[in-house]
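# Architecture and fold: a report
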Amino acid sequence: MAQVKDLSTITPSLDTHRLPRHVAIIMDGNGRWAQQRGLLRNKGHAAGVEAARIVIRLARKLDISYLTLFAFSEENWQRPALEIKAIMGLLRRFLARELREMQENQIAFQAIGNLKQLPAAVQRDLAQTTAATAAGAKMVLTLALSYGGRSEIVQAVQALGKEIQAGRLQPGEVDAALFSRYLYTAGMPDPDLLIRTSGEYRLSNFLLWQSAYTELYLTETLWPDFREEEFLKALHAYQQRDRRFGLTQEQIEALNASNSRH
Ligand code: IPE
Ligand code: IPE
Ligand code: MG
């Protein structure tokens, strides 16, 4: 893997103590990137894998605790069979190629989504990579695969319904915190920053529940061109935001002051 440049030279204005804990990314624009170069869409996906490797490496270097990448949506099953096959092949190669580096860098890998829809070989590779990196304590790398936010919520409702039916839970006991534990992202903090590339202004069914108070960063850059500098730009933009969670700015400042006293 290529080495990350000396961060002090590329992060002069970044406050490394105020980085997002969880960054989620909708990696979009591979097809257009290829098209612009007269290449097949699959070449765009291959270039997209390289961008993902660079972003993963930098996220780890910056000590970001959770990185969640949207790699394949439930809706993407409607793409041409050959494109799906190429994406699955790239995914398997990515897993094989990154395993050692993930282990060395204490990255715990996991996949979320309707994984049973994936080809058996992919499911096996995902399970093996998850098990082989389970000890990673520095960063959780989550790939959203065959993922859809609405389906995630629906399966949570079904699971909760079963608990209620079995008498293990009262309907009135269900609150937002409990509900979150039935999502694929159980135990993870909500994303602080959600990045979408390629100039689209939509969520495309990604982390619908979890993004309730997430800061959004939308860029025209196509995913294969999203490299270190672009990522740092997004993190810098995040640090310019005032997150209020429905409170007034004065309340937030008072809270921050009291937190820094303790
Ligand atoms: C994102 O790039 C990758 C996947 C959805 C798998 P696209 O393939 O959607 O690229 P565009 O949006 O067609 O350019
Ligand atoms: C979202 O991109 C899914 C991924 C990046 C994996 P799409 O290209 O599928 O989204 P739409 O179709 O433009 O909304
Ligand atoms: Mg797209």
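All values reported here derive from a predicted model rather than from experimental measurement. (Residues numbered from 1 in each chain as written. Chains lettered and ligands numbered in written order. Predicted model: local features only at pLDDT ≥ 70, side-chain atom pairs only at ≥ 80, totals over all residues. Heavy atoms only, no water.)

We now examine the site of ligand 2. Taken together, the neighbourhood of ligand 2 is formed by Ile-26, Met-27, Asp-28, Phe-70, Ala-71, Phe-72, Asn-76, Arg-79, Arg-196, Arg-202 and Ser-204. Between ligand 2 and Asp-28 there is a distance of 3.2 Å, counted from an oxygen atom to a side-chain nitrogen or oxygen. Alone, ligand 2 offers 390 Å² of accessible surface; in the complex the protein occludes 79% of this. It is strand E2 (residues 66-73) that provides the largest number of residues to the shell around ligand 2, a total of three residues. Counted by class, the shell around ligand 2 contains five nonpolar, two polar and four charged residues. (Near = heavy atom within 4 Å. Polar contact = N/O pair within 3.5 Å; in protein donor to acceptor, adjacent residues only side chain to side chain. Areas by Shrake-Rupley, 256 points an atom, 1.4 Å probe, with all protein chains shown as cover. Helix = DSSP H or I, 4+ residues; strand = E, 2+ residues; numbered from the N terminus. Nonpolar A, V, L, I, M, F, W, Y, C, P; charged D, E, K, R; others polar.)

So, about helix H6 (residues 149-165). The end-to-end C-alpha distance of H6, which contains 17 residues, comes to 24 Å, matching closely the 24 Å that a straight helix rising 1.5 Å per residue would cover. If you check which residues of H6 are buried, you get Gly-149, Glu-152, Ala-156 and Leu-160. Taken around the axis of H6, the buried residues stretch over an arc of 70°, which confines them to a single face. Of the exposed residues in H6, those oriented more than 90 degrees away from the buried face are Arg-150, Gln-158, Lys-162 and Gln-165. Each element contacted by the buried residues of H6 is listed here: strand E4 (139-147) and helix H7 (176-180). With its phi angle positive at about 80°, Gly-167 sits one or two positions after the end of H6. (Expected span 1.5 Å × (residues − 1). Buried < 20%, exposed > 50% of the residue type's maximum accessible area, 1.4 Å probe, protein only. Arc of directions from axis to C-beta. Contact = heavy atoms within 4.5 Å.)

Turning our attention to the pairing of strand E6 (residues 215-218). Covered by surrounding structure in E6 are Glu-215 and Tyr-217 only, the residues Leu-216 and Leu-218 on the alternate face being uncovered. Strand direction decides the pairing type here: strand E5 (residues 193-196) and E6, joined by four bridges, are parallel. Considered in E6, the bridge of Ile-195 is made with Tyr-217. (Pairing = 2+ DSSP bridges.)

This part takes up the side chain of Asp-125. One can find Asp-125 in helix H5 (residues 120-132). Once residues within four sequence positions are removed from consideration, Asp-125 is found in contact with Arg-92 and Leu-95.

Turning our attention to the pairing of strand E3 (residues 107-112). The element E3 is largely enclosed, with a buried count of five among its six residues. Looking at chain direction, E3 and E4 are connected through six bridges and run parallel. By the bridge assignment for E4, Ile-112 is matched with Ala-144.

Before going further, it helps to examine the site of ligand 1. Around ligand 1, the neighbouring residues are Met-27, Asp-28, Gly-29, Asn-30, Gly-31, Arg-32, Arg-41, His-45, Ala-71, Asn-76, Arg-79 and Ile-87. Asp-28 has a polar side-chain atom sitting 2.8 Å from an oxygen atom of ligand 1. Contacts to ligand 1 include Arg-79, whose side-chain N or O atom sits 2.7 Å from an oxygen atom. Burial of ligand 1 by the surrounding chains reaches 87%, relative to a free accessible area of 380 Å². Among the secondary structure elements, those contributing two or more residues to the shell around ligand 1 are helix H2 (30-36) and helix H3 (41-61). Ranked by residue count, the leading element in the shell around ligand 1 is H2, at three residues.

Moving on: the environment of Gly-187. Note that Gly-187 resides in the loop between H7 and E5. In the structure, Gly-187 is positioned 118 residues away from Leu-69 in sequence and 17 Å away in space, judged by C-alpha atoms.

Quick look at the sheet that holds E6 now. An order of E3-E4-E2-E1-E5-E6 is seen for the six strands of this open sheet, with the pairing classed as parallel. With partners counted over all chains shown, the strands left at the sheet margins are E3 and E6, one partner each. Within the sheet, the average angular offset between the axes of one strand and its neighbour, ignoring direction, is 20°. Taken together, the four bridges between strand E1 (residues 22-26) and E5 define a ladder with parallel strand orientation. (Axes fitted to C-alpha atoms, helices over the stretch in contact; angles between N-to-C directions.)

Our focus in this paragraph is the pattern of salt bridges. Applying the stated criterion across every chain yields a total of 18 salt bridges. Glu-163 serves as the salt-bridge partner of Arg-168, at 3.2 Å between the closest nitrogen and oxygen. Arg-168 sits in the exposed class, given a relative accessible area of 57%. Residue class for Glu-163 comes out partly exposed when judged on its relative accessible area of 22%. Each of the salt bridges in this network shares a partner with another, and the network as a whole consists of Asp-28, Arg-32, Arg-196, Glu-200 and Arg-202. (Salt bridge = Lys/Arg side-chain N within 4 Å of Asp/Glu carboxyl O.)

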